Structures are given as structure tokens and as C-alpha cells.
Amino acid sequence: MSITAWMTTLQFAGVNALFALAVYASLWTGVLSLAPVFFGAVSSFTFGYFAGVLGMPPLLGLLLGAVMGAALGAVTAGLLIRLDSHYLAMATIAMVLIGRVLILNLPEQTGGATGTLVPGDLGTWAWLIGTLVLAAYVLARLAGSRFGLAADAVREDPAVAETLAISPRRIQFVGMVISGALGGAAGILQSSFLRYIGPDTFYTHLGFVTLAAVVLGGAFHWLGPIVGAIVFTILPELLREPMGEYDGVVTGVLLVVIIIYMPRGLVDVRRLRLARSRWRRGDPEQGEPDSRPAARAEVNS
């Protein structure tokens, strides 16, 4: 694979990482949602329209995507958050399907089946890395805050969280808003890299790839979706030449193996903390034996 192809693959790995963080933000609070794909589509078509008519600056376009995504996330949460988990997940998939129908039936605004061109001012490494680092920083800060602890409690057991004076719906509402903001920003960057958006740009395939990246990397830490998105984007490209048309089969088998033997994903903070604690204690199975008991025995003798 050429250097240009590698750079393009890494760019889309970064965009997929942003979409994966958007899915993680809602899943963090116990809500499985593919709505970030829909948020990204609405934000991208809006950006394409205003950029073509008004010549919108790049930073303003990125802020527009994040704000629109957050607003759509708030509306979605207000309408759907009362549903049970599996019904809510199905409703967000339906949103993605409805989005494609709207794109096809609004040709004046979206270009219809042929799609529309989008300025590529945001399609640079600086905008991508800056947005990804900012998103990771915000999620990392939230993880150690009261909201992060409340989100963990709601995800594990909403009933127990209520006994601790935590409102599950309020926490999930905030998670959906954060998810919407990340999804909107990711959609803007995706369209800027492609310089084109059409009915199939933001469709179910992107949602399932994003969800697979979260499962592969780990849904219990913000770093997991980033790692999963990078692996899940680069691995098919590496397998395409040696495996040919079977590269998708190998990727799927790998995903199943990880789900079975590493259910918490590649980034399992609990397993890393356990290994570190065993190392510090000098567990023979995990590291060198601790010499402190032997030293105390010599002193006592």
C-alpha cells in the first residue's frame, strides 16, 4: 500500500475513532445508540449547504456540527430515553434509515441520489488531531468527575443508582448530548475528507463499523473506542491484498474471538490494574517474587 493510501486510511481511522467515541459516550451511561451516524449526516448536509452559500469558515463549520449534533442529541434523548434498552437501540437504527430516505427525497437541499460536494477546508491532519485530542481530553476529565462516577453506576445498575440519589434519565440525557456533539463534529470531518456526501455516506454500514470498533477496543474506557477504531480500520486494509475477498471474514472471526476471550475489549483497565497490583506485590505468576518477606525473615533471625 502506498504512502498516500496509508495516510488516507489513517485519516479515516481518526474519523471512525470520533464516531466510536460518540457511541461510547451514550453507551457509557447504559444507552446503546447508533444515532451519531444520523447526527453526522444532518450536520454534514447543513454544513455543505451553508458553506456553499455563505462560504462558512472551517472553525465555524466544525462548531456548527458539534452544536447541531448536541441539539439533535438532546431532542433524541427527550423523545427516546424512556424506552427500554433494546427498543431504544432499534429506534436509533430507524433514525439512520429515515435519514437516508430524507436525503433521497430532498434533492434541492441534499442533492438527492447524486449527493452534493462539500468544501475540504477541514480535511487536514491539524483539524482531525485537534478535535480527537480535545474529545479524548474532555471524556478523560469527565471520567474522574462526579458525572463519570454517576455514569458508571447507571450503566451497571440503574436501580442501585437511584438509591444513591442519581437520576438515570438525567445522566443518560447528558450522555446523549455529548454523543450528539461528537457525532456532529465527526460527520463534518468525514464529509470534508471525502469532499462529497451522498445517501450512503452516513448509513447503517458506518454505524455497525463504529459499534464494532467500540466492542473491539473496549466500552469501559474512553481509550478503547480509539484503539478499536484504529485497528478495525487498518486491519482490513492489511488483509485485503493477502486475503482478497475473504478479508471481511478474517476481521469478523477476529471480532468474535475477542468478544469470547476478551469481553471487555482490547483496553481492559480492570485487567491492567490487576496485573499492576500483582506486579507490585511480587506475585510469582505475574512478576518477580517479592524480596521483602525474605529480608524481614533474616532480620528476625
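*Asks:* Can you help me understand the overall build of the chain in this one?
*Replies:* Scanning the chain from terminus to terminus reveals 14 helices and 2 strands. Across its three principal axes, the chain shows a C-alpha extent of roughly 90 × 55 × 35 Å. Put simply, the chain has 301 residues, and 43% of those count as buried. In the chain, of all internal contacts separated by at least 6 residues, the share reaching a separation of at least 24 is 76%. Accessible surface, the chain: about 15800 Å² in total, of which carbon and sulfur atoms supply 66%.

*Asks:* Help me out: how do you make sense of the nonpolar core in this one?
*Replies:* Considering soluble globular proteins, one finds that nonpolar side chains tend to be buried as a cluster. In terms of nonpolar packing, the biggest core is built from 56 residues, with Leu139, Leu182 and Leu189 touching the most fellow members. For Leu189, the residues in contact, after removing those within four places along its chain, are Val15, Leu18, Leu62, Leu122, Trp127, Leu128 and Thr131. With 11 residues, the next largest nonpolar core counts Val31, Phe38, Phe39 and Ala91 among its residues.

*Asks:* I tried to follow the environment of Leu128 on my own but got confused; where do I start?
*Replies:* Here Leu128 lies in helix H6 (residues 125-143). Using a relative accessible area of 2% as the deciding quantity, one classes Leu128 as buried. Along the chain, Leu128 and Gly180 lie 52 residues apart, while their C-alpha atoms are 17 Å from each other. Beyond its immediate stretch of four places on either side in the chain, Leu128 contacts Gln11, Gly14, Val15, Leu189 and Phe193.

*Asks:* Is there a simple way to explain a nonpolar patch on the surface in this structure?
*Replies:* On the surface, Met243, Tyr246, Val249, Val250, Val253, Val256, Val257, Ile260 and Tyr261 cluster together into a nonpolar patch covering about 860 Å² of accessible area. The biggest single contributor to the nonpolar patch is helix H12 (residues 247-261), with 7 residues. Mapped onto the elements, Val256 comes out in helix H12.

*Asks:* What is the right way to look at the environment of Gln109 in this model?
*Replies:* Topologically, Gln109 is positioned in helix H5 (residues 107-110). Sequence separation of Gln109 and Tyr49 is 60 residues, and the distance between their C-alpha atoms is 7.0 Å.

*Asks:* Can you walk me through the side chain of Ser192 in this structure?
*Replies:* Mapped onto the secondary structure, Ser192 falls in helix H9 (residues 168-194). Other than its neighbours up to four places away in sequence, Ser192 contacts Phe47, Pro119, Gly120, Leu122 and Gly123.

Here is what the cut-offs are and how they apply
- Residues numbered from 1 in each chain as written.
- Predicted model: local features only at pLDDT ≥ 70, side-chain atom pairs only at ≥ 80, totals over all residues.
- Heavy atoms only, no water.
- Helix = DSSP H or I, 4+ residues; strand = E, 2+ residues; numbered from the N terminus.
- Buried < 20%, exposed > 50% of the residue type's maximum accessible area, 1.4 Å probe, protein only.
- Contact = heavy atoms within 4.5 Å.
- Areas by Shrake-Rupley, 256 points an atom, 1.4 Å probe, with all protein chains shown as cover.
- Core = buried A, V, L, I, M, F, W, Y, C linked by side-chain atoms within 4.5 Å.
- Patch = residues over 30% accessible without salt bridge, like charges linked within 9 Å, V, L, I, M, F, W, Y side chains within 5 Å.
- Salt bridge = Lys/Arg side-chain N within 4 Å of Asp/Glu carboxyl O.

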